[in-house]
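# Commentary on secondary and tertiary structure
Below are the chains, spelled out letter by letter.
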Amino acid sequence: MMDLPSPEAAIPRLAAYGQTVADAYRAYHQSRNADYFERLTDAILCDLGQLPAGESRVRGDWHLQKDLGMDSIALAEAAFIMEDLFAVRLDNATLQEIQTVTDLRQALAHHVQLVEPMGRADSSS
Amino acid sequence: MESPIWITGLGFVSSLGHNVTEVTKRLRSGMSGIVPWRFSEERQVPVHLAGALAGFDTRSSRWSNWQWPDTFEVPQKLLRSLSPQGLYGFCALEQAFADAEWSREDIAAPETGLFAGSVGSPQMAYHHLAQMHASPTWAAHPSAVISSIPGTLNFTLGAHFGVRGANVGFVSACAASAHAIGYAFDDLRRGRLDAAVVIGAEDFSAESLVPFAGMRALSVQKDPRRVSPFDQDRDGFVATGGAVALCLERASSARKRGARPYAELLGWGHSADGGTIANPDPSGGGLARAIRQTLRETHLNASDVGYINAHATGTLAGDRAELAAIRSVFHEQLDNLMVSGTKHLTGHGLSMSGAFEAALCALMIRDRFIAGNHHLRNPDPASEGIHLPRVSQEFAHRAVLSHSSGFGGSNVVLAFRPAAEQG
């Protein structure tokens, strides 16, 4: 597995995203904790998509296009930045099958070594 | 009888200002939008002036670093896919739609089209391709294509506003947005559309503008008052960027809405020189054919034309060809004709200039004045007999022509007149 980019290297590349994304990356990089992993992916999805009215947290069963309003370019941008931050490669076939937030998290988690298994944050939503 | 086509809304992000009131005031008073400008702090760039955009800073290729006046609310989601010209274009379109009082439903109606003139964004292309080449796998940002290629203006903004009638772009260089107006007019006249918005926009960036110095087309003057097309001392053009939008619709529907017209768009004509890429036909023959075609199409006589807004970039070859074209068509009516350029005040907006000057003509018609050639001191002898007013003046408009010429010898002439309501 490739090393994750350091926050010093990654943060400038995150300049186009909100501060929440930069903060989440710093925390994730330090801990490799599943909770921070989800916070980071959620922050990116919130930045590229749009939370439905009245919602404050991303739900795992949400459809990226229908619920978060992400078009194909926003999805490609999510993959572009997440591949960079998690030092992974999502091939086109995998990307095409990703429909929901959970699909995306699982596709990434397949490649990412987390300190504890994913799912804790999701179970609360 | 066919209903006339009216210009009912305008929007500007320009060197003369970012709203109708400010642009009109500066155009009338001859307050230049050209300022001393350095495209690089480190390099000795042989360009000292530019038509800068006050309050906008889009030098960075990251949209998150861009600045714009807080009078504009730009959605973050839209910004991600934009080039600088897309940001200016959004601001100009918002103004024009508000000015024309078009609702979101009007804009997204199946009979409303968007016509753009642009050359794409060299700044974004350079940024994204450099990033791609730096990547070990040549990974390119997903917005690399849509924010940079010619067409970025129409497909980003057309999609954002939900335009459904037509969404097209024109790339005929400095004639591009004049072509956009012409073809929008044709679609309205043919009944394909009920309304059309035309947008011309150009990045204000080193990547778009400085390469013209390599063609020796840019002025090396340091004083904005020395920028003077048709003058013996002219030495090229000063560049600008920005965006200008015009709302066009049939008078019949505009009247029903109670909309007030700036002017009537009467028609247009075009031609090509059939010669070199960058140099116009020295005889002005190509532009003259476009003027004659416009007169035929609009059923005007040469004597009906009271004012021409000249292309007047300030290059020797361009100025001379344009003066020759005007002389050949209007030789017997020159006493009844006023000619001025506006690029000595605005800078040359390249692909945006056709829309920019069409909008300035609309303002001059509405407010009954013509802009002067404010910086003219020693007129080129080739202009002898052609009236080049030195200062702006009140004017009882008849028909007005606006010339645009671009690479490849492409010439476009647009014709306007006061709308019937304006008397």
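Conventions used here
- Residues numbered from 1 in each chain as written.
- Chains lettered and ligands numbered in written order.
- Predicted model: local features only at pLDDT ≥ 70, side-chain atom pairs only at ≥ 80, totals over all residues.
- Helix = DSSP H or I, 4+ residues; strand = E, 2+ residues; numbered from the N terminus.
- Rg over C-alpha atoms; globule rule 2.2 N^0.38 Å.
- Buried ≥ 20, exposed ≤ 12 C-beta atoms within 10 Å, placed from the backbone.
- Axes fitted to C-alpha atoms, helices over the stretch in contact; angles between N-to-C directions.
- Left-handed = near helix turned anticlockwise from the far one by under 90°.
- Contact = placed C-beta atoms within 7 Å.
- Nonpolar A, V, L, I, M, F, W, Y, C, P; charged D, E, K, R; others polar.
- Domains from an automatic or database assignment.

So, about the overall build of chain B. Scanning chain B for helices and strands turns up 14 helices and 14 strands. The globule rule puts the C-alpha radius of gyration for 423 residues at 22 Å, and the 20 Å found for chain B is close to it. Expressed as lengths along the three principal axes of its C-alpha atoms, the size of chain B is roughly 65 × 55 × 40 Å. Classification of the 423 residues of chain B by burial places 57% in the buried group.

Tallying secondary structure elements over chain A gives seven helices and zero strands in all. Reading the secondary structure of chain A in the N-to-C direction produces α-α-α-α-α-α-α. For the C-alpha atoms alone, the extent of chain A along its principal axes is close to 35 × 30 × 25 Å. Counting every position in chain A, which comprises 125 residues, the buried fraction comes to 32%.

All right, on to the packing of helix α3 (residues 34-48) of chain A against helix α4 (residues 72-86) of chain A then. Residue and element names in this part refer to chain A. Contact pair α3 / α4: the axes reach a minimum separation of 10 Å and the direction vectors enclose 145°. Helix-helix and strand crossings are classified by hand; for α3 and α4 the assignment is right-handed. Here α3 contributes Thr 41, Ile 44, Leu 45 and Leu 48 to the contact with α4, which in turn contributes Ala 74, Glu 77, Ala 78, Ile 81 and Met 82. Grouping the constituent residues of the contact of α3 with α4 by class yields seven nonpolar, one polar and one charged.

So, on to the domain arrangement of chain B. The extent of an interface is frequently quoted as the accessible surface area lost upon association of the parts. All names here are of chain B. When the domains of chain B are assigned, the result is domain 1 (5-257) and domain 2 (267-414). Averaged C-alpha coordinates put domain 1 and domain 2 at centres separated by 22 Å. In this assembly, 59 residues from domain 1 lie in contact with 55 residues from domain 2. Mapped onto the side of domain 1 that touches domain 2, the elements with two or more residues apiece are β1 (5-13), α1 (20-29), α7 (176-189), β6 (195-202) and β7 (242-250). At eight residues, α7 tops the list of elements feeding residues into the side of domain 1 that touches domain 2. Looking at side-chain class alone, the side of domain 1 that touches domain 2 contains 31 nonpolar, 21 polar and seven charged residues.

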